[in-house]
Amino acid sequence: MSLFKARDWWSTILGEKEEFDQGCLCVADVDNSGSGQDKIIVGSYMGYLRIFNPHPVKPGEGVQPEDLLLEVQLRDPILQVEVGKFVSGTEGLHLAVLHCRKLCVYAVSGTLGNVEHGNQYQIKLMYEHNLQRTACNMTYGPFGGVKGRDLICIQSMDGMLMLFEQESYAFGRFLPGFLLPGPLTYSSRTDSFITVSSCRQVESYKYQVLAFATDADERQETEQQKLSSGKRLAVDWVLNIGEQALDICVVSFNQAVSSVFVLGERNFFCLKDNGQIRFMKKLDYSPSCFIPYCSVKEGTINTLVGNHSKMLNVYQDVTLKWATQLPHVPVSVKVANLQDLKGVIVTLSDNGHLQCSYLGTDPSLFQAPRVDSREINYEEFDAEMKELQKIIKEATKTQDILPKSKKHRDLIVTAEVSPDLDAESQAIDSEVKAEAVPSVTVKVTIQSKVTAQKPSLAVCVQAPLAVTCDQFIFDDLEPDSSETVVLSVFLKGNCSPSELEGNCVVSYNTPTGIVKVAQCNFRLPLRLICFPAQPSKAANHKLTIDTNKPPISFLTIFPDFVDPSEDDQANVLGFQFLTGSKTTLLASKTSQRYRIQSDQLEDLWLITKELTLRLEEHFKKQNCKDFACTFSGSIPLQEYFELIDRHFELRLNAEKFQELLSERAVQFRAIERRLLTRFKDKTPAPLQHLDTLLEGTFREVIALADAAEENQANMFQAFTKLKSATHLVIMLISLWQKLSTDQVAILEATFLPLAEDTQELGWEETVDAAISYLLRTCLSKSSKEQALTLSSQLCMPKDTSRLKKNITLFCDRLAKGGRLSLSTDSATQQAAVMPGGCATIPESDLEERTVIPGSAATFPNHSQIAKQKSKPGLSEDAAEETEKP
């Protein structure tokens, strides 16, 4: 990279928190020393004027005190500085400083010093002009072909060109069609002013036309101007460049014709004197400044172009000759002669980084050291090799690739859920229609063992649950420090969630710049979404869970829902959800069974999961390792299919609403176009009830949008219910077939592939593709099924019949002894042992039952175990009631 970096010859930082722009830099022999060496003049928006004469002892050295010739603070911000022959009676150079409402011309002079402090410089005000309008920029030159002096032209913010003949004001003219000021320059070859208007076109105005023209703004004309002879201001030539210009520069060297250079936002133009394009260069970056300078090749011009990527490009006409890296983004660039060094590049950034640099490379002075000729000790090499091989062998013994990082984590995040609900609920904007919506406090603690930079914490819970604050940003954590935040979780949507788990994720940067993530999960209490209620005697859906241990009293495993004074709650318990539904839990006194019943299938899931978790925790505390739950009833596929159909119906409705909205929007725009045509017509014509049609279409669009929004909310609730029922079906299948943890993970990945449901990628087509893959791989019956190819594109199906048939076939294959795995070896699957007591269902019988509407697919365990019987009465031994086939 050293080949392409600008070589630092001299640099300094100007002031503190000062701002600079394009016109704040100028290089010239401002003190008229006659040595041919330029001085660097810099003005800032804070009003500071500085003049430098760099004299580094060696390249790259910082600023020396004697390098600053002059520093003075003026009262007003400095917009632009220029050096020229601005004082009458002398051809010496003077400094012109443009303020917002004032133009000042100074003489810079130096006095030889008699002491070691060196020469002393001061500025003397020669004259000033108070401006009636706010200035934007200025240019200078021998206007009208005058000899030995320069005139000044100032452009105001409202488009007036004010011309000054040194100490006196000449005249002012308004530019026609002015909106915003642009860059301004003067061409001495054609005696014209060149600017870029708001119409994004380059415009040239002759000085003679300006001098003899009347004011372009009639509101500014006086009676004397109206009566005086003159003509309206006319443009000499115009060129449309199609973009706003950043700067304009006119150059005329001995070996090249006069050219006008225009730097646009994306292009670089070179124009002739008459406005014709000589050449243009399309830039693939965003430029910030430029300066043309003399080229060594005859007929060409070199140009320095700085950009916002801190690069300085050197072009010879349109050919890129060199690219160099700068330490800052330049807003102004000049070429100067400093200390007998010609062609020094002077750049200035907007925050005051002033640098003098040159192009070139530094030769590498590194020389490879001589290799000592010594004899090789093979015994030492062998011993070192054995030691290294021993270390490698020890490191590759373990199969876990992250054994140490788990034990010695740099940052640990923990979440502690309060055992009790909040005394005062923190629920915000909840849609639940219950009297009170409870909330629970979660305390998240971050402990860092190393320096953690820019740590941020994200707390996620599944909708319809919500948190009071889900994003936290901390200051950098020092080693052995910690941060703690407290938040509350509550039920926001008017439906029960499918999961009562949350996740905390902390992302941070290490001092070396590596991004790391630490996370933890937390479990929310069941009391957050339901409360104790009177048990229900009748229910539409019932499930029976078998265990291998005697039933446990609900006083023990559900102490937060049971009143200890009521003994009748030891075996029967009711749960009332905040959304209005109710679920009942029963425990048999004589058998090892539990029954869960409810009017809604999805409401069984959370209670069933909570029951199994609390039973496992109870027996784990008693050091009982052989506790197990099983399920021997029928999988409620028919009720599950009804939830699938409901969700799919809402997806179809959403598609219809989208089509109708698109049609009405096209109609609305068409009516708007016709109305606009009528209104633009010079001869008014009747609207022919177009306004009535527009209003009616607008109401239809609003009504359709409201209906689509309501359908979206219903679809979200249906998807949440579908996820709850899917979790329940997965649990029942795993208990029924006694699946391992890996097989349950495959089952969850198959039935729950999406966290969110969208129109582009929905649950139905994704699950159908996953089940079809399993049926053709690990659950296939023959190699012919494995040879079938699956569609590589997922699209919304026309109906759910194929999905429901595949789910039924999937359960049947599991009942016949199929086992879930990611291996496609059919021989292994065929040799799988049938689970004990599982009777198979004939394929023909299965297909017949899937065609009949309203049927329920059953997968019995034993021939004597049949469908559970539903009775209206509620008895203590209801979980034991069965009916024979």
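Please read these numbers as outputs of a predicted model, since none were measured by experiment. (Residues numbered from 1 in each chain as written. Predicted model: local features only at pLDDT ≥ 70, side-chain atom pairs only at ≥ 80, totals over all residues. Heavy atoms only, no water.)

K.L.:
Account for the overall build of the chain, with residues named and values stated.
P.N.:
The number of helices and strands found in the chain is 14 helices and 42 strands. For the chain, with 885 residues in total, the buried portion stands at 45%. A separation of at least 24 residues holds for 60% of the contacts in the chain among residues at least 6 apart in sequence. If you sum the accessible surface of the chain, you get close to 47300 Å²; carbon and sulfur atoms cover 51% of it. (Helix = DSSP H or I, 4+ residues; strand = E, 2+ residues; numbered from the N terminus. Buried < 20%, exposed > 50% of the residue type's maximum accessible area, 1.4 Å probe, protein only. Contact = heavy atoms within 4.5 Å. Areas by Shrake-Rupley, 256 points an atom, 1.4 Å probe, with all protein chains shown as cover.)

K.L.:
Tell me about the pattern of salt bridges, and please be specific about residues and values.
P.N.:
Per the counting criterion, the structure on display carries 24 salt bridges. A salt bridge links arginine 523 to glutamate 617, with the nearest nitrogen and oxygen atoms 3.0 Å apart. One end of the pair, arginine 523, is in strand β36 (residues 515–523); the other, glutamate 617, is in helix α6 (residues 603–621), with 94 residues separating them in the sequence. Judged by relative accessible area, arginine 523 falls into the partly exposed class, the value being 32%. A residue is classified by how much of its surface remains accessible, and glutamate 617, at 39% relative accessible area, is partly exposed. The partner of aspartate 812 in a salt bridge is lysine 816, with the nearest N and O atoms 3.5 Å apart. Overall, aspartate 812 belongs to the buried group, its relative accessible area being 0%. With a relative accessible area of 25%, lysine 816 lands in the partly exposed category. (Salt bridge = Lys/Arg side-chain N within 4 Å of Asp/Glu carboxyl O.)

K.L.:
With reference to specific residues and values, describe empty space enclosed by the protein.
P.N.:
It is a probe the size of a water molecule, rolled over the atoms, that shows where empty space is left. The tally for this structure, following the rule as stated, stands at three cavities of 30 Å³ or more. There is about 90 Å³ of room inside the largest cavity. Elements that contribute at least two residues to the lining of the largest cavity include exactly β15 (192–196) and β16 (201–206). Residues of the lining of the largest cavity, tallied by class, amount to eight nonpolar, six polar and one charged. One number sums up the size of the second largest cavity: a volume of about 70 Å³. Lining the second largest cavity are Leu500, Glu501, Arg523, Leu524, Leu606, Lys609, Glu610 and Leu613. (1 Å grid on protein atoms, 1.4 Å probe; cavity = no way out; pocket = protein on both sides within 12 Å on 5 of 7 lines; lining within 4 Å. Points joined across faces, edges and corners; volume = space filled by probe spheres on them. Nonpolar A, V, L, I, M, F, W, Y, C, P; charged D, E, K, R; others polar.)

K.L.:
How would you summarise the packing of helix α7 (residues 637–680) against helix α12 (residues 801–815) if you had to cite specific residues and measurements?
P.N.:
The N-to-C vectors of α7 and α12 enclose an angle of 150°; their axes lie 11 Å apart at closest approach. Here α7 lies roughly antiparallel to α12, going by the angle between them. Here the hand of the crossing between α7 and α12 comes out right-handed. The segment α7 lies against α12, with Leu637, Tyr640, Phe641, Ile644 and Asp645 engaging Leu803, Lys804, Ile807, Thr808 and Cys811. Its residues placed into classes, the contact of α7 with α12 shows seven nonpolar, one polar and two charged. (Axes fitted to C-alpha atoms, helices over the stretch in contact; angles between N-to-C directions. Parallel < 35°, antiparallel > 145°, perpendicular 65-115°, else oblique. Left-handed = near helix turned anticlockwise from the far one by under 90°.)

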